[in-house]
Amino acid sequence: MRLATFNLLHGRALDGSVASLHDLLLACTSLRADVLCLQEVDRGQARSGGVDQTAAVADAMGAPSWRFQPAIIGEPGGDWRGADDDDDCLHTAQASTGVAATAAYGVGLISRWPVTRWRVLRLPAARVRSPVYVPGHRAVILLADEPRVALVAEVETPDGPLAVATTHLSFVPAWNLVQLRRLTRELAARPGPCVLLGDLNVPGPFPRWASGWRPLARVLTFPADRPVLQIDHVLATGPVPEVATVEAHRLSVSDHRAIVVQLAIPAPERFEPGV
């Protein structure tokens, strides 16, 4: 079983230009994941051609189970509001019509195996602005935080149920650790094994110290070209199968490297990418 996490940077290329949808799909399908967790995902945004990126990737993978979960409704860096439970109906409406109901930004999870239950955990924004280096500005600027969200899928595998969660935590130091502790406590309260994959915005060993969960991958992921930090992580609790291999992929999209963790679970019949 191949679990993967990838911060898409909403489909931007390594040089900062907008990548084509074809390049985005090729990057994601090249990971050959059975369960793919995505962060910084657009739906209906002008900057990415109005595409529902999660739906497009799921279609290219031939994956029947998928969901996009917004953290914010509107345009990142422009006019937006935090997503709430009432916005969950937008997923159902979009999935049935194929048309994005409104612009949104958040996380996505795609599975080639059946998902028996979805769960959403919302994480409030920090109340303070934090200095962030923005390449386009070539300077450090103070940015307001945004609310965050975690998406949890109960996946039916040949080895039994496995909870897989994805999130993209705050860039505000210490607050992201508060979010991580809250999230992992809630996830650990459910029975059975669980794997959390995503961009935690926390370097090195700190996720393990904050959560008590064991890391399944120790690889550098950021920046993609010459990584010096690991801020994308795969953490586990409970009787998760043994890790067979760990890979970090530099792709043509995003400023993060993707992580692929191969668990010792028999994989379903392999597929050929659709792009």
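Below is a summary of the structure that appears in this document.

The rules behind each value
Residues numbered from 1 in each chain as written. Predicted model: local features only at pLDDT ≥ 70, side-chain atom pairs only at ≥ 80, totals over all residues. Heavy atoms only, no water. Pairing = 2+ DSSP bridges. Helix = DSSP H or I, 4+ residues; strand = E, 2+ residues; numbered from the N terminus. Axes fitted to C-alpha atoms, helices over the stretch in contact; angles between N-to-C directions. Core = buried A, V, L, I, M, F, W, Y, C linked by side-chain atoms within 4.5 Å. Buried < 20%, exposed > 50% of the residue type's maximum accessible area, 1.4 Å probe, protein only. Salt bridge = Lys/Arg side-chain N within 4 Å of Asp/Glu carboxyl O.

**Considering the sheet that holds strand 14 (residues 243–249)**
On the basis of which strands lie adjacent, the open sheet formed by seven strands has the order 4-3-5-2-1-15-14 and mixed pairing. Looking at which strands have only one partner, the edges of the open sheet turn out to be strand 4 (80–82) and strand 14. Strand-to-strand twist of the sheet, defined as the mean angle between neighbouring strand axes without regard to direction, takes the value 25°. Here strand 2 (residues 35–43) runs beside strand 5 (residues 104–111); their pairing, made up of seven bridges, is antiparallel. Bridge pairing in strand 5 links Arg-43 to Ala-104.

**A look at the nonpolar core**
Counting 31 residues, the largest nonpolar core has Phe-6, Cys-28, Leu-31, Leu-36, Leu-38 and Ile-110 as the members making the most contacts within it. Counting only elements with at least two residues in this core, the list comes to strand 1 (2–7), helix 1 (21–29), strand 2, helix 2 (53–61), strand 3 (65–74), strand 5 and strand 15 (258–263). Ranked by residue count, the leading element in this core is helix 2, at six residues. By size, the runner-up hydrophobic cluster in this structure holds 27 residues, among which are Leu-3, Val-35, Leu-151 and Leu-162.

**Let's talk about the pattern of salt bridges**
Going through the model one piece at a time under the given rule, you end up with ten salt bridges. The salt bridge partner of Arg-112 is Asp-34, with a shortest N-O separation of 2.8 Å. Here Arg-112, found in the loop between strand 5 and strand 6 (115–123), pairs with Asp-34, found in the loop between helix 1 and strand 2; they are 78 residues apart in sequence, far enough to count as distant. Asp-34 matches Arg-112 in its accessibility class, with the two residues each being buried. For Arg-122, the salt bridge is made with Asp-85, and the minimal N-O distance between the two is 3.0 Å. Residue Arg-122 is located in strand 6, and its partner Asp-85 is located in the loop between strand 4 and helix 3 (88–97); the two are separated by 37 residues in the primary sequence. What makes Asp-85 exposed here is its relative accessible area of 57%.

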